[in-house]
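# Remarks on the overall topology
This is what each chain is made of:
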Amino acid sequence: MGFAVWLTVGDGLLTFLIAWFRKSREITAVLKSQWKSSVLAGSMQVGSYWMIIWAMALAPIGAVSALRETSVLFAALISTFLLKEGFGAWRFVSAGMIACGVWLTRYKP
């Protein structure tokens, strides 16, 4: 758990500092106008990472990793229905492969 804490804090701070030095005006403007959603998004990211670490402590890492990839399916659905992006052939094939991979983790011959 110590590694996960340092990774989360260190990665977040380093990324913020790099972005701050490159685009401090833009970051200040966004933080002034959207600080609530920024805090919420950051909290959700940390929470999701900790859920994965917790799941990997309790279940086989391969199964957790495969199930984690289903987030790509949700991203494809969100981009298709909310953002009105196309759901082309490659996206369909990729989604099918992820679904098959998740199914194979549960398949017992």
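Note that this is a predicted model, so its numbers are computed, not measured. (Residues numbered from 1 in each chain as written. Predicted model: local features only at pLDDT ≥ 70, side-chain atom pairs only at ≥ 80, totals over all residues. Heavy atoms only, no water.)

## A look at the confidence of the model for the protein
The predicted coordinates should not be examined in detail at positions where pLDDT is low. Our working rule: Scored from 0 to 100, pLDDT reflects the predictor's confidence in each residue. Secondary structure follows DSSP: runs of H or I at least 4 residues long count as helices, runs of E at least 2 residues long count as strands, and numbering of each begins at the N terminus.
Model confidence for the protein is summarised by a mean pLDDT of 85, while 98% of its residues fall at 70 or above. When the elements of the protein are averaged for pLDDT, helix H2 (residues 61-68) gives the smallest value, 80, and helix H1 (residues 2-58) the largest, 86.

## Quick notes on the environment of Ile78
Mapped onto the elements of the fold, Ile78 is located in helix H3 (residues 70-81). Along the backbone, Ile78 and Gln34 are 44 residues apart, and their C-alpha atoms lie at a distance of 21 Å.

## Considering the packing of aromatic side chains
Counted only if it meets this: By convention, a stacked pair of Phe, Tyr or Trp rings (six-membered ring in the case of Trp) has centres within 6.5 Å and planes under 30 degrees apart, an edge-to-face pair has planes over 60 apart, and any other such pair is tilted.
In total, this model carries two aromatic pairs according to the counting rule given. Seen in terms of ring centroids, Phe87 and Phe92 are 6.4 Å apart; in terms of plane orientation they differ by 80 degrees. Their pairing is edge-to-face.

## Some thoughts on the pattern of salt bridges
Pairing between side chains of opposite charge can happen when the charged atoms of each approach one another. Defined as follows: By definition, a salt bridge exists where a carboxyl oxygen of Asp or Glu is found within 4 Å of a side-chain nitrogen of Lys or Arg. Partly exposed residues are those whose accessible area sits between 20% and 50% of the maximum for their type, while under 20% is buried and over 50% is exposed, using a 1.4 Å probe and protein chains only.
In total, this model carries one salt bridge according to the counting rule given. Between Arg91 and Glu85 there is a salt bridge, and its shortest N-O distance comes to 3.4 Å. In this structure Arg91 comes out as partly exposed when scored by relative accessible area, which is 29%.

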